[in-house]
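# Fold and geometry: a report
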Amino acid sequence: MFNPGRMILSLQQSISQAVVGKEEAIEYALIALLCKGHVLIEDVPGVGKTTLASALARSLDCSFRRIQFTPDLMPSDITGFTLANFQTGEMEYREGAVMSQIILADEINRTSPKTQSALLEIMEEHQVTVDGVTHPLPQPFIVLATQNPGEFVGTYPLPEAQVDRFFLRISIGYPTIEQEMDVLERYSGTVRPMDTITPICTAQDILAMQEQVATVYCSPEVRNYVAHLAAATREEPSFQLGASTRAAIALIRGAQACALLDDRDFVLPEDVQHMFLPVFAHRMVLSPEARMKGVPVEDVLLTILRGTTVPLKL
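Quantities reported herein were computed from a predicted structural model and do not represent experimental measurements.

Looking now at the overall build of the protein. A count of helices and strands for the protein gives 14 helices and 13 strands. Relative to the compact-globule value of 20 Å for 314 residues, the protein shows a C-alpha radius of gyration of 20 Å, a close match. Along the first, second and third principal axes, the C-alpha set of the protein runs to 70 × 45 × 40 Å. Looking at the protein as a whole, 49% of its 314 residues qualify as buried.

Here's what the structure looks like:
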């Protein structure tokens, strides 16, 4: 019998060959994959953002392309373009880099807003429209984007509409001394850890797991809990922009995936709490007063989480 939990465990072990000591980040990336969501990997340079995305891609028997976002990257480089065929006299579509199942958008904030906007339809509708003709993307489809939040020179901050299209955000962080020693040992040999990763599951396996996520039962009480959490962010004075309805839907989906990985067919409030920060935090926009005071978004969200009544009946 097909077991999603066992499959995810195998994927986690596979990715861990190249990404050391970051089990939570790996888990969140796989949950996003199950929920048909996209991932924003945001952290300082050199801590394994690209490695995590590449290791995930290598663990899946799916097509993969890496797009290096630079200031001179054009929208047509991503979406593709139509070109006249002088032999047949017809216009032909030439595929862009996005025509793949797994896309690594490396340093996404280094390209212009015009090029960034080319991803809006792609991420939301899983399709590309060029010269009025719509081209569906291969399934499953996921965008793994990396960016360094501490750099400002030569970067273009992502607009709120695009940030909202990312299912969740992952921060990897620096390793501990023991983890770094493990990394140095693995990378000091003749064989790169990335080269040892082989595909664990196929595209059909992923599609099957994605279908199972939608079958996990979410009670009206839990849905009410999520709605109150989303409403509380919109009423919070420290936030200029709270959670969208898309964010609330993503929180439900993430909680369903958590339940599925725990071999449950129903959602608990604990599943919602586990996914609350990674799904909501990157979508919040602090008010000018809160920014001046240096208030962390996560602290405000945790206060909201503690102050929202947890349903007792499911």
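Roughly 790 Å³ of volume is contained in the largest pocket. Around the largest pocket sit 30 residues that line it, and Glu42, Gln147, Leu158, Val163 and His282 are the ones nearest its centre. Mapped by element, the contributors of at least two residues to the lining of the largest pocket are β1 (39–42), α7 (160–163), β13 (285–286) and α14 (297–307). The element contributing the most residues to the lining of the largest pocket is α7, with three residues. Its residues assigned to classes, the lining of the largest pocket comprises 15 nonpolar, seven polar and eight charged. Residue lining of the second largest pocket: 22 residues in total, with Gly46, Val47, Gly48, Lys49 and Thr51 positioned closest to the centre. When residues of the lining of the second largest pocket are traced back to their parent elements, those giving at least two are α3 (49–59), β9 (142–147) and α8 (177–187). Looking at the lining of the second largest pocket, its residues break down into nine nonpolar, seven polar and six charged.

Next up on the list: the pattern of salt bridges. Where charged atoms from two side chains of opposite charge come close, those side chains can pair. All told, the structure shown has eleven salt bridges when counted by the stated rule. Among the ionic pairs, Glu298 bridges to Arg169, the shortest N-O distance being 3.3 Å. Taken as a pair, Glu298 in helix α14 and Arg169 in strand β10 (residues 168–170) lie far apart in primary sequence, 129 residues in all. For Arg264, the salt bridge goes to Asp262, with nearest N and O atoms at 3.2 Å. The class for Asp262 is partly exposed, based on a relative accessible area of 47%.

What follows covers unusual backbone geometry. Of the consecutive residues Gln139 and Pro140, the connecting peptide bond is found in the cis state with omega at -5°. In this structure, Pro140 sits in the loop between β8 (133–136) and β9. One non-glycine residue with positive phi stands out, namely Lys36, at about 60°. The residue Lys36 is located in the loop between α2 (23–34) and β1 in this model.

Summed over all chains, the structure comprises one aromatic pair. Measuring from ring centre to ring centre gives 5.0 Å for Phe276 and Phe280, while their planes differ by 45°; the resulting arrangement is tilted. With a gap of four residues between them, Phe276 and Phe280 both fall in helix α12 (residues 269–280), about one helical turn apart. As far as burial versus exposure is concerned, Phe276 and Phe280 are alike and both buried. Sitting over the face of the ring of Phe266, Arg264 holds its NZ or CZ atom 5.7 Å from the ring centroid.

What follows deals with the side chain of Ser100. Among the structural elements, Ser100 can be located in the loop between β5 (90–95) and β6 (102–106). Within polar-contact distance, the side chain of Ser100 engages the backbone oxygen of Ser63 at 3.1 Å. Reaching out from Ser100, the side chain makes a polar contact with the backbone nitrogen of Phe64 at a distance of 3.1 Å. Sequence-distant contacts of Ser100, that is, excluding residues within four places in its chain, are made with Ser63, Phe64, Arg65, Pro138 and Phe141.

A separate point is the packing of helix α10 (residues 220–235) against α14. The geometry of α10 relative to α14 is characterised by a closest axis approach of 10 Å and an angle of 135° between their N-to-C directions. It follows that α10 is oblique to α14 by the angle criterion. Regarding α10 and α14, the two cross each other, and that crossing is right-handed. On the side of α10, the interface is formed by Tyr225, Leu229, Ala232 and Thr233, while α14 contributes Leu301, Ile304 and Leu305. Split into classes, the residues belonging to the contact of α10 with α14 amount to six nonpolar, one polar and no charged.

Here is what the cut-offs are and how they apply
Residues numbered from 1 in each chain as written. Predicted model: local features only at pLDDT ≥ 70, side-chain atom pairs only at ≥ 80, totals over all residues. Heavy atoms only, no water. Helix = DSSP H or I, 4+ residues; strand = E, 2+ residues; numbered from the N terminus. Rg over C-alpha atoms; globule rule 2.2 N^0.38 Å. Buried < 20%, exposed > 50% of the residue type's maximum accessible area, 1.4 Å probe, protein only. 1 Å grid on protein atoms, 1.4 Å probe; cavity = no way out; pocket = protein on both sides within 12 Å on 5 of 7 lines; lining within 4 Å. Points joined across faces, edges and corners; volume = space filled by probe spheres on them. Nonpolar A, V, L, I, M, F, W, Y, C, P; charged D, E, K, R; others polar. Salt bridge = Lys/Arg side-chain N within 4 Å of Asp/Glu carboxyl O. Phe/Tyr/Trp six-rings, centres within 6.5 Å; stacked < 30°, edge-to-face > 60°. Lys NZ or Arg CZ within 6 Å of the ring centre and 35° of its normal. Polar contact = N/O pair within 3.5 Å; in protein donor to acceptor, adjacent residues only side chain to side chain. Contact = heavy atoms within 4.5 Å. Axes fitted to C-alpha atoms, helices over the stretch in contact; angles between N-to-C directions. Parallel < 35°, antiparallel > 145°, perpendicular 65-115°, else oblique. Left-handed = near helix turned anticlockwise from the far one by under 90°.

Function cannot be read off these values alone, since they describe shape.
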